[in-house]
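The lines below spell out each chain.
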Amino acid sequence: MDEIKSNNSDNNPKNNSSLKRIGNFIKEARVSRNKSIEELASDLKIGSHQLQAIEEGNEDHLPEKVFIKAMVRRISEKLKVDTDFIMSEFKTERKEVNIEEIVQEVSIKGKNDRNLKNQNSMEVIIFILISGILGLLASSLIFNIFSESFQNQVPKEELINKN
């Protein structure tokens with residue numbers, strides 16, 4: 001039963017929060033210095049359950065965020081870990097990436113791109129048709145004007161015969 005609960009807690013977005021990452025750093029530093037949770041908690045004068053909650057990233061068992069930050073600062077200073085780096089992790093919230101949402105966004109964008117391309121190609125075709133019709137009308141008008149002017153001219157043979 002505990003195994004099922006731990007698997008469900010891994011899917012919880014709170015466990016992917018900055019506190020979870022910070023807790024992992026603290027746990028690694030504590031283990032590398034061969035200190036137990038109880039020993040470190042006693043040195044810092046905090047509850048071992050609170051230290052364990054920080055390492056697990058479990059905000060439900062901790063006080064307000066201001067107090068959590070103060071505890072994390074004290075813990076990192078005690079373990080001689082880069083305090084500035086750990087405190088900066090509080091500021092960087094990383095959103096959990098959902099693959100399905102990304103796939104949907106990409107497919108919607110692809111459909112929008114295809115619709116835009118289809119719309120643009122229709123506009124080009126309409127522009128070409130209108131240009132062709134206008135060109136045909138203009139050329140027929142010019143042809144009619146020149147053909148009328150040629151018909152009104154007297155042929156050279158008639159001029160020669162008259163003289």
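Rules used throughout
Residues numbered from 1 in each chain as written. Predicted model: local features only at pLDDT ≥ 70, side-chain atom pairs only at ≥ 80, totals over all residues. Heavy atoms only, no water. Helix = DSSP H or I, 4+ residues; strand = E, 2+ residues; numbered from the N terminus. Polar contact = N/O pair within 3.5 Å; in protein donor to acceptor, adjacent residues only side chain to side chain. Contact = heavy atoms within 4.5 Å. Core = buried A, V, L, I, M, F, W, Y, C linked by side-chain atoms within 4.5 Å. Buried < 20%, exposed > 50% of the residue type's maximum accessible area, 1.4 Å probe, protein only. Phe/Tyr/Trp six-rings, centres within 6.5 Å; stacked < 30°, edge-to-face > 60°. pLDDT = per-residue confidence, 0-100. Axes fitted to C-alpha atoms, helices over the stretch in contact; angles between N-to-C directions. Parallel < 35°, antiparallel > 145°, perpendicular 65-115°, else oblique. Left-handed = near helix turned anticlockwise from the far one by under 90°. Nonpolar A, V, L, I, M, F, W, Y, C, P; charged D, E, K, R; others polar. Patch = residues over 30% accessible without salt bridge, like charges linked within 9 Å, V, L, I, M, F, W, Y side chains within 5 Å. Areas by Shrake-Rupley, 256 points an atom, 1.4 Å probe, with all protein chains shown as cover. Salt bridge = Lys/Arg side-chain N within 4 Å of Asp/Glu carboxyl O. Lys, Arg positive; Asp, Glu negative; His and termini not counted. Charge placed at Lys NZ, Arg CZ, Asp CG, Glu CD. Expected span 1.5 Å × (residues − 1).

So, on to the side chain of Ser76. Assignment of secondary structure puts Ser76 in helix H5 (residues 65-78). For Ser76, the side chain forms a polar contact with the main-chain oxygen of Arg73, separated by 2.9 Å. The contact partners of Ser76, leaving out residues within four places of it in the chain, are Val81, Thr83 and Ile86.

In terms of nonpolar packing, the biggest core is built from 21 residues, with Ile54, Val72 and Ile75 touching the most fellow members. Of all the secondary-structure elements, those providing two or more residues to this core are helix H2 (18-32), helix H3 (37-44), helix H4 (48-56), H5 and helix H6 (83-91). Setting aside anything within four residues of it in sequence, one finds Val72 in contact with Ile22, Ile26, Ile54, Ile86, Met87 and Phe90.

Before going further, it helps to examine H4. Residues of H4 that are buried: Gln50, Leu51, Ala53, Ile54 and Glu55. The secondary structure elements touched by the buried residues of H4 are H2, H3 and H5. A positive phi of about 75° marks Gly57, the residue just after H4.

Evaluated as defined, the whole model comprises 1 aromatic pair. Relative to Phe85, the ring of Phe25 lies with its centre 5.3 Å away and its plane at 65°, an arrangement referred to as edge-to-face. Residue Phe25 is found in helix H2, and its partner Phe85 is found in helix H6; the two are separated by 60 residues along the sequence. Classification of Phe25 as partly exposed rests on a relative accessible area of 32%. By relative accessible area, which is 37% here, Phe85 ends up partly exposed.

With 77% of its residues at a pLDDT of at least 70, the protein chain reaches an overall mean of 78. Between residues 1-16, whose pLDDT stays under 50, and residues either more than four places distant or in other chains, the model counts 12 contacts.

Once that is clear, we can look at the packing of H2 against H6. Helix packing for two helices is described by the angle between their axes and how far apart those axes are. Contact geometry of H2 with H6 gives a least axis separation of 8 Å together with a crossing angle of 160°. Viewed along their axes, H2 and H6 adopt a mutual orientation that is roughly antiparallel. Considering only the axes of H2 and H6, their crossing is right-handed. In contact with Ser18, Leu19, Arg21, Ile22 and Phe25 of H2, H6 contributes Phe85, Ile86, Glu89 and Phe90. Classifying every residue of the contact of H2 with H6 gives 6 nonpolar, 1 polar and 2 charged.

Taken together, the side chains of Arg33, Lys45, Arg74, Lys78 and Lys80 make up a positively charged region of the molecular surface. Secondary-structure assignment places Lys78 in helix H5. On the basis of relative accessible area, Lys78 is assigned to the partly exposed category, the value being 40%.

Turning to the pattern of salt bridges, a few remarks are in order. Inspection of the entire model under this criterion finds 2 salt bridges. Arg30 is the partner of Glu55 in a salt bridge, and the nearest nitrogen-oxygen pair spans 2.6 Å. On the criterion of sequence distance, the pair formed by Glu55 in helix H4 and Arg30 in helix H2 is long-range, its members being 25 residues apart. Judged by relative accessible area, which is 8%, Arg30 ranks as buried.

A few words on H2. With 15 residues, H2 extends 21 Å between its outermost C-alpha atoms, agreeing within 8% with the 21 Å of an ideal straight helix rising 1.5 Å per residue. Along H2, the residues that are buried comprise Ser18, Leu19, Arg21, Ile22, Gly23, Ile26, Ala29 and Arg30. Structurally, H2 contributes buried residues whose contacts are with H3, H4, H5 and H6. Looking at the residues trailing H2, positive phi occurs at Asn34, about 55°.

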